[in-house]
Amino acid sequence: MTVLVVGSLALDSVQTPFGKVDDVLGGAASYFSLAASTFTDVQLVGVIGADFPRQHLDLLASRPIDLNGLQRIQNGKTFRWAGRYDYDLNVAHTLDTQLNVFADFDPRLPEQYRASEYVYLANILPSLQLSVLEQVRQPRFVGLDSMNFWIGNPDTKRDLTRVIERVTAVFMNDAEIRQYTGTYHLLQAAREILDLGPRVVLIKKGEHGAMAVSREGVFVIAAYPLEEVKDPTGAGDSFAGGFMGHLAESGDTSWDGIRRAMAYGSVVASFAVEDFSVQRLIGLTRDELRERLRLLQQVTAFQTDLLPTS
Ligand code: AMP
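Residues numbered from 1 in each chain as written. Predicted model: local features only at pLDDT ≥ 70, side-chain atom pairs only at ≥ 80, totals over all residues. Heavy atoms only, no water.

### Topic: the pattern of salt bridges
Taken as a whole, this structure holds 21 salt bridges when the rule is applied. Here E274 makes a salt bridge to R280, at a shortest N to O gap of 3.3 Å. E274 gets classed as partly exposed once you look at its relative accessible area, which sits at 22%. Residue classification places R280 among the partly exposed residues on the basis of a relative accessible area of 25%. Among the charged side chains, a salt-bridge network with shared partners connects E274, R280, E288 and R292. (Salt bridge = Lys/Arg side-chain N within 4 Å of Asp/Glu carboxyl O. Buried < 20%, exposed > 50% of the residue type's maximum accessible area, 1.4 Å probe, protein only.)

### Some points on the layout of surface pockets
To find leftover empty space, one rolls a probe the size of a water molecule over the atoms. Here the second largest pocket is characterised by a volume of approximately 320 Å³. Forming the boundary of the second largest pocket are 13 residues, of which I221, A263, L293, L296 and Q297 lie nearest the centre. Mapped by element, the contributors of at least two residues to the lining of the second largest pocket are β13 (217-221), α9 (255-272) and α10 (286-300). No other element matches the six residues that α10 contributes to the lining of the second largest pocket. (1 Å grid on protein atoms, 1.4 Å probe; cavity = no way out; pocket = protein on both sides within 12 Å on 5 of 7 lines; lining within 4 Å. Points joined across faces, edges and corners; volume = space filled by probe spheres on them. Helix = DSSP H or I, 4+ residues; strand = E, 2+ residues; numbered from the N terminus.)

### Regarding the packing of aromatic side chains
Summed over the entire model, instances satisfying the criterion amount to eleven aromatic pairs. Each ring, one from F39 and one from Y264, has its centre 5.7 Å from the other, and the planes form 75°; the classification is edge-to-face. Of this pair, F39 sits in the loop between α1 (28-36) and β4 (42-49) while Y264 sits in helix α9; the two residues are 225 residues apart in sequence, bridging distant segments of the chain. Residue class for Y264 comes out partly exposed when judged on its relative accessible area of 22%. Ring geometry for F141 and F243: centres 6.2 Å apart, planes at 45°, overall tilted. You can see F141 sitting in strand β9 (residues 141-145) and its partner F243 sitting in helix α8 (residues 235-250), a full 102 residues away along the chain. On the basis of relative accessible area, F243 is assigned to the buried category, the value being 0%. Put simply, the rings of F32, Y120, F141, F171, F239 and F243 pair up and form one aromatic cluster. Between K157 and the ring centre of Y180, over which it is positioned, the NZ or CZ distance is 4.9 Å. Across the ring face of F271, the terminal group of R292 is positioned such that the distance to the ring centre comes to 3.8 Å. (Phe/Tyr/Trp six-rings, centres within 6.5 Å; stacked < 30°, edge-to-face > 60°. Lys NZ or Arg CZ within 6 Å of the ring centre and 35° of its normal.)

### Details of the site of the ligand
Neighbouring the ligand are 18 residues, the closest being S8, D12, G27, G234 and D237. Between the ligand and the protein, one listed contact pairs an oxygen atom with a side-chain N or O atom of D12 at 2.4 Å. In this structure, an oxygen atom belonging to the ligand sits 2.6 Å away from a side-chain N or O atom of D237. Taken by itself the ligand offers 510 Å² of open surface, and the protein chains cover 89% of this. For the shell around the ligand, the secondary structure elements donating two or more residues are β2 (10-16), β6 (79-85), α4 (148-151) and α8. With three residues, the top contributor of residues to the shell around the ligand is α8. The class makeup of the residues in the shell around the ligand is nine nonpolar, seven polar and two charged. (Near = heavy atom within 4 Å. Polar contact = N/O pair within 3.5 Å; in protein donor to acceptor, adjacent residues only side chain to side chain. Areas by Shrake-Rupley, 256 points an atom, 1.4 Å probe, with all protein chains shown as cover. Nonpolar A, V, L, I, M, F, W, Y, C, P; charged D, E, K, R; others polar.)

Read these as spatial facts, not as claims about activity.
Set out below in structure tokens:
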């Protein structure tokens, strides 16, 4: 099964306490595609300008990522994002956002994309997410991500709510869920989102892992314990790529399948943050994933007789 994704393809400039890069490959859809392509074929919908380096296209094309849905605007400039992280790597400070070619993007899905069953609406203008969703015939599992940039503006927030009403799973980090709902308590906030229609809310909590909330229950997955993190950019998109990629590969969208997919997401995200840009996702092997999955299982399992009654 393939996964269709729409989202930003970007040239990022990022500063963390551990280094700095300028105009590197970024964007929610780039991270997602590279992460998901370890599991399954990806169909990419997005737009780039004439300044998007050929080597980035070659990199994406070297993986099972179909680029027929990618438009290149000859006289346009690629989306750009600049951000800074301080020692709290869970908080990204946006320094600059330039929508450029995304401002006028009108996504048109190639015919073969319309049959996709697994769809991921990565972070981008909610109206574009909606347009893509409307062109897919009968999706089975639709994931959605967004961010403060879109939640903070009443117009784009209204569009975002229209998308949320139609998706299966909402992926947001803790701060975004609080901002969107205006509710501090995460479980309550998640239930408010469930009331809008989704089957599950996946709350990303950076180095503290992630939590799934649905009517079937609550599940918590730890983040893989890393010795060193260099750049948290793309962690959320890589988590979603591992999650959706595994779901599409297994075809199991049950609550158990969702719980398992979270473990894959957590492990894939751990690779993304070990280096700047998508460096560590390039060439990521299933053996490397398997090794970390095993370790994640080990460090989170425990045995107990429960509290013996006295
Ligand atoms: P993440 O760290 O997973 O939340 O996502 C990081 C990526 O999101 C970066 O590579 C940025 O290029 C991209 N990004 C930042 N701001 C926006 C925005 N307003 N719309 C779409 N993508 C964005």
